[in-house]
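A look at the structure
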Amino acid sequence: MRRFTLRDSIAATVLAALALAAMPWLMSDFALALTLTCLMYAGLAVSWAMFCGATNCLSLATAAFFGMGAYVTAWGIGTLAYGLGVLLGGLAAAAFAALVGAAVLHLRGAYFAVITFGLGELVRHAITYYEKAYAGTVGRVISEPPETVTIYHVVLLVSALAVVTALVVRASRLGLALRGIGSDEERARTLGVETRRAKILAFSLSAFFPGALGAAMAVRWTYIDPLSVFNPFIGFQTVLIAMVGGAHTILGPIASSVLFSVLTEYLRLQFPYLFLVILGLLLILLVLYLPGGLASLLERWRWGKSRA
Amino acid sequence: MREPLLAAQGVSVRFGGLVAVDAVDLAVHAGELVGVIGPNGAGKTTFFHALSGVLVPTSGCIVIVGDDLTGEGAHAFARHGIARTFQTPRVFKEMPAIDNVRFGLEFAGRTRSHAHDAFDEPGTILEFLGLADVAAVPAGGLTPSKQRLLEIGMALGARPRVLLLDEVAAGLTHAEVELTAQLIRRVRDELGLAVIWIEHAVRVLMDYVERVAVLHQGRKIADGDPRAVAKDAGVIEAYLGEQGEPVTEPGRKAA
C-alpha cells in the first residue's frame, strides 16, 4: 500500500473543503448549523493537536484564544469588514500566545495545564474590567450579523487552513522538532533544537486558528459577554475531542469532532435531561478502553492487515 | 600548538554545599580518544553535563573551537559540534529508529558536513551500527543494547566534532562491549573526531584509549598515558580506598 504524501493529503483536504462549500445549498438549516459546529470543533481540535499532540503539553488556553477572537469581532463590528475581523482575531490570539508562551512554555505537565487555564480567566476578567470601567457596558449586542452562508464559508476556510497547516507542520522540520520535544525535550536540545523558540513558534501558530474561529463564530450570538465567549467548556471540549480522536494524528480529531457534535445534538434532543450523563459515561469508556483515541482503531486495523 | 576542539578551563559545578566538579581542566584535540574514569560519585557525569551545555558550570569556562560557550544552552553546544550520549539511553521512543538518527542531521548537523560523505544519510549510519534491519521499528521497542547503539547513531547524525560517550558499555555483555569499543575507534579513525569516553568499568576502557583522565571527588587527579596512570599512587588509592575494581595494568590492544 502506497503511503499518502503531503501533496495527496493537501489535495484531499482541498477537495473535501470544496465539497463542503456546496452544502449551504443542499442542506436544511438545521443540518447546516450542525455542520458548522462540526467544522468549528474540527478546526479547534486539529490546531490544538498540532501543538499539544506532538509536544505532549496539555494546553487549556483554547478558550482564551477563542474569546479574544470573539472580542475583536465584538469591538470591530460595524467598522471592520467581517473577513478582516476574523484575520485580526487570529493574529491577536497568535500574538498573545507568543507573548505568554515566552513566559510559560518552560512549564510542563499539570503546571502548564493550570497556567494556561488561568490565562483564559485572566483575559476574561481583564476584558470585563475594561468594559465596565471604560466602555460602561457588560456585554455587547451584535447588530447586523453577516448571513449564515458567509459565516459557514469563513469557518470552513479557517478550519481547512488549520488542517493544511497541521499537515505542513507535521511534515516539516518544526514538526520533527516538536515530536522530539514531546518525547524528551532535553535530548532534543542536545541534538541542536532551540526548543524554546520551536515551542513559542508552534504555540503561536496553533493559537491563530481558535482566535480566528472565535472571531468568525462570535456573530452567531446576538449578544456577547465575557462569560459566554470565554466559556472554559469550549477549551475542555476541544481537548476531549482531540484526545478521543487521537491527538498525535490529524484525521482522528476531525473524525471525533463530527462524532461529538452529532452525538451531542442527538443526545440533547432525545434525552434532554440525561444527555450530559450519557456523554460523560461514553467519554469514560473511550478513555478507559481506547487511550490512543479513535485513530488507534485504524492503526490496529492496518497493523492486523499488514500481519495477515 | 594546534587549537583544541574542546577546552574546559577550571570548570566547577556546585550543588548547594556539594562540590561535584572541582576546577577541572581538560583539553581535547581532533583525533584523540580520551577516557575519563573515576569511582562512583567522582563527578564524571556532572562534568559531561557541563561539557555538553546541559548544565551551566558554577565557575570556569568551556571553549569549543575557539568560541567560549559558557552559559549558552545545550543546543548551542550541539550546533558547535558537541554530541553526546546519556548513561541511560535517551532515544525518542515513539519515533522509528531512522528518525532518531535523522533528528541530529536535521538540527545540530544541518550546517556542517561530515569528513565522511557516507554519514550524511541516516540509513548509512544505521548500517554502520548494524541497525539497518530495525530502521522502521520505534526506538522504544529495541533492546537496551540496541538503544545504546542507536544513541551513538543519534550523536553521529549531529555531525559531531567531539563525541561524548557516557558509559556506553554499561549493561552490555563482554562481546558487545568489545564490538562497541571497536566501533568507537572506527568512528574516531574514519571521521577524525575527538572522543571523550566515560566508563565505570575501567578495564575495557583502558584497553582502547590512548589517554585517560581520572576524576576523584570532583578533582582531576591524573591525566595521561593509561599505563602510567594505572601505576599512579593517587589513582590506586582513589580506587582501593573505596569500592570498585582496582586499576590493573591494561593489556594493550592498540591497532
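Heads up: these notes are all about the structure in this document.

What counts, and at which threshold
- Residues numbered from 1 in each chain as written.
- Chains lettered and ligands numbered in written order.
- Predicted model: local features only at pLDDT ≥ 70, side-chain atom pairs only at ≥ 80, totals over all residues.
- Heavy atoms only, no water.
- Helix = DSSP H or I, 4+ residues; strand = E, 2+ residues; numbered from the N terminus.
- Rg over C-alpha atoms; globule rule 2.2 N^0.38 Å.
- Buried < 20%, exposed > 50% of the residue type's maximum accessible area, 1.4 Å probe, protein only.
- Contact = heavy atoms within 4.5 Å.
- Areas by Shrake-Rupley, 256 points an atom, 1.4 Å probe, with all protein chains shown as cover.
- Lys, Arg positive; Asp, Glu negative; His and termini not counted.
- Charge placed at Lys NZ, Arg CZ, Asp CG, Glu CD.
- Pairing = 2+ DSSP bridges.
- Buried area = accessible area lost by both parts, 1.4 Å probe.
- Salt bridge = Lys/Arg side-chain N within 4 Å of Asp/Glu carboxyl O.
- Axes fitted to C-alpha atoms, helices over the stretch in contact; angles between N-to-C directions.
- 1 Å grid on protein atoms, 1.4 Å probe; cavity = no way out; pocket = protein on both sides within 12 Å on 5 of 7 lines; lining within 4 Å.
- Points joined across faces, edges and corners; volume = space filled by probe spheres on them.
- Nonpolar A, V, L, I, M, F, W, Y, C, P; charged D, E, K, R; others polar.
- Expected span 1.5 Å × (residues − 1).
- Patch = residues over 30% accessible without salt bridge, like charges linked within 9 Å, V, L, I, M, F, W, Y side chains within 5 Å.
- Phe/Tyr/Trp six-rings, centres within 6.5 Å; stacked < 30°, edge-to-face > 60°.
- Lys NZ or Arg CZ within 6 Å of the ring centre and 35° of its normal.
- Core = buried A, V, L, I, M, F, W, Y, C linked by side-chain atoms within 4.5 Å.
- Parallel < 35°, antiparallel > 145°, perpendicular 65-115°, else oblique.

Before going further, it helps to spend a moment on the overall build of chain A. Along its length, chain A carries 13 helices and two strands. The C-alpha radius of gyration computed for chain A amounts to 19 Å, which stays within 12% of the reference 19 Å derived for 308 residues, consistent with globular compactness. Along the first, second and third principal axes, the C-alpha set of chain A runs to 65 × 45 × 40 Å. In chain A, buried positions account for 50% of the 308 residues. Looking at chain A alone, contacts between residues at least 24 apart form 81% of all its contacts between residues at least 6 apart. A total accessible area of about 15,000 Å² is found for chain A, and carbon and sulfur atoms account for 70% of it. The distance from the centre of the 21 positive side-chain charges to the centre of the 13 negative ones in chain A is 11 Å.

Here we take up the pairing of strand E10 (residues 219-224) of chain B. Note on strand geometry: in a regular strand, side chains alternate between the two faces of the sheet. With five bridges connecting them, strand E9 (residues 211-216) of chain B and E10 of chain B associate as antiparallel partners. Along E10 of chain B, the bridge assignment pairs Ala213 of chain B with Asp223 of chain B.

In this complex, chain B contributes 24 residues to the contact, which on the side of chain A involves 16 residues. Of the roughly 1,900 Å² buried at the junction of chain B and chain A (both faces included), carbon and sulfur atoms supply 61%. Looking only at chain B, the three residues that lose the most surface to chain A are Arg90, Phe103 and Phe107 of chain B, adding up to 30% of its buried area. Linking chain B with chain A are four salt bridges, by the criterion used here. Among the ionic pairs, Glu186 of chain A bridges to Arg90 of chain B, the shortest N-O distance being 3.0 Å.

Residue and element names in this part refer to chain B. Strand order in this open sheet of four strands is E2-E1-E4-E5, and the pairing throughout is antiparallel. Taken across any chain shown, the strands that pair with only one partner, and hence form the sheet edges, are strand E2 (18-28) and strand E5 (67-68). Bridge count between strand E1 (residues 6-15) and strand E4 (residues 59-64): five bridges; the pairing is antiparallel. Considered in E4, the bridge of Leu6 is made with Ile64. The sheet strands contacting helix H1 (residues 44-51) are E1, E2 and E4, and the helix crosses E1 at an angle near 120°.

Residue and element names in this part refer to chain B. Strand order in the open sheet formed by six strands is E6-E7-E8-E3-E9-E10, with mixed pairing between adjacent strands. Strands with a single pairing partner mark the edges of an open sheet, and in this sheet they are strand E6 (82-84) and E10. The average angle at which neighbouring strand axes cross in this sheet is 20°, direction not considered. Pairing of strand E3 (residues 33-37) with strand E8 (residues 194-198) involves four bridges; the strand directions are parallel. Residue Val36 lies in a different strand from E8, and its bridge partner there is Ile198.

Residues and elements named next belong to chain A. Here the structure, examined in full by the defined rule, presents four cavities of 30 Å³ or more. Space inside the largest cavity adds up to approximately 70 Å³. Listed by contribution, the elements that provide at least two residues to the lining of the largest cavity are helix H2 (29-55), helix H3 (62-76) and helix H8 (195-217). Class assignment of the residues belonging to the lining of the largest cavity gives a composition of seven nonpolar, four polar and no charged.

We now examine H3 of chain A. Residues and elements named next belong to chain A. Helix length check: H3 (15 residues) gives 21 Å between terminal C-alpha atoms against 21 Å at 1.5 Å per residue, within 8%. The buried count for H3 comes to 14 of 15 residues, which makes it a mostly enclosed element. After H3 finishes, the residue Gly78 shows a positive phi value of roughly 100°.

It is worth spelling out a nonpolar patch on the surface at this point. All names here are of chain A. Taken together, the side chains of Tyr266, Phe271, Leu274, Val277, Leu281, Leu282, Ile284, Leu285, Leu288 and Tyr289 present a nonpolar region at the surface, about 1,000 Å² in accessible area. Top element by residues in the nonpolar patch is helix H12 (residues 275-289). It accounts for seven residues. Tracing the chain through its elements places Leu281 in helix H12. Of the residues examined, Leu281 reaches a relative accessible area of 52% and is grouped as exposed.

Turning to the packing of aromatic side chains, a few remarks are in order. Scanning the entire structure with this criterion turns up 15 aromatic pairs over all chains. Taking 5.0 Å as the distance between ring centres and 45° as the angle between the ring planes, the aromatic pair formed by Phe103 of chain B and Phe107 of chain B counts as tilted. Following the ring pairs from residue to residue traces out a cluster consisting of Tyr71, Trp75, Tyr129, Tyr130, Tyr134 and Phe230 of chain A. Cation over ring: Arg84 of chain B sits above Phe86 of chain B, and NZ or CZ is 3.9 Å from the ring centre.

Another aspect to go through is the nonpolar core. Within soluble globular proteins, side chains that are nonpolar generally end up buried alongside one another. Ranked by size, the top nonpolar core spans 137 residues in total, and within it Val155 and Phe203 of chain A together with Phe103, Leu150, Leu156, Leu163 and Trp197 of chain B carry the most contacts. For this core, the element with the most residues is H2 of chain A, which contributes 14 residues. Ignoring anything within four residues of it in the chain, the contact list for Phe203 of chain A reads Phe51, Ser59, Ala61, Phe65, Ala97, Val100, Gly101, Leu105 and Phe112 of chain A. Phe47, Leu55, Leu69 and Leu215 of chain B belong to the second-largest nonpolar core, a separate cluster that totals 29 residues.

Right, let's get into unusual backbone geometry. In this model, Asn56 of chain A sits at a positive phi of 60°, which is unusual for a non-glycine residue. Within the element layout of this structure, Asn56 of chain A appears in the loop between H2 and H3. The backbone of Glu167 of chain B sits at a positive phi, close to 50°, despite the residue not being glycine. Following the sequence through the fold, Glu167 of chain B ends up in the loop between strand E7 (162-166) and helix H6 (174-191).

For the rest of this paragraph, the subject is the environment of Gly43 of chain A. If you trace the backbone, Gly43 of chain A turns up in helix H2. Considered as a pair, Gly43 of chain A and Phe230 of chain A are 187 residues apart in the sequence and their alpha carbons are 17 Å apart.

Take the packing of helix H5 (residues 144-157) of chain B against H6 of chain B next. Residues and elements named next belong to chain B. Running from amino to carboxyl end, H5 crosses H6 at an angle of 10°, the nearest separation of the two axes being 12 Å. If you check the angle between H5 and H6, you find them roughly parallel. Facing Ser145, Leu149, Ile152 and Leu156 of H5, the residues of H6 in contact are Glu176, Thr180, Leu183, Val187 and Leu191. Grouping the constituent residues of the contact of H5 with H6 by class yields six nonpolar, two polar and one charged.

Residue and element names in this part refer to chain A. Put simply, helix H1 (residues 6-21) and helix H6 (residues 148-171) touch, their axes get as near as 10 Å, and they point 170° apart. If you check the angle between H1 and H6, you find them roughly antiparallel. Contacts from Leu6, Ser9, Ile10, Thr13, Ala17, Leu20 and Ala21 in H1 reach Tyr152, His153, Leu156, Ala160, Val163, Val164, Leu167, Val168 and Ala171 in H6. Looking at the contact of H1 with H6, its residues break down into 13 nonpolar, three polar and no charged.

With that settled, the discussion passes to the layout of surface pockets. Residue and element names in this part refer to chain A. Within this model, the second largest pocket holds a volume of roughly 560 Å³. Surrounding the second largest pocket, 23 residues form its lining, Thr37, Met40, Tyr41, Gln237 and Glu265 being those nearest its centre. Looking at the lining of the second largest pocket, the elements that each hand over two or more residues are H2, helix H10 (232-245), helix H11 (251-270) and H12. Here the lining of the second largest pocket takes seven residues from H2, the largest share from any one element. Residue composition of the lining of the second largest pocket, grouped by class: 15 nonpolar, five polar and three charged.

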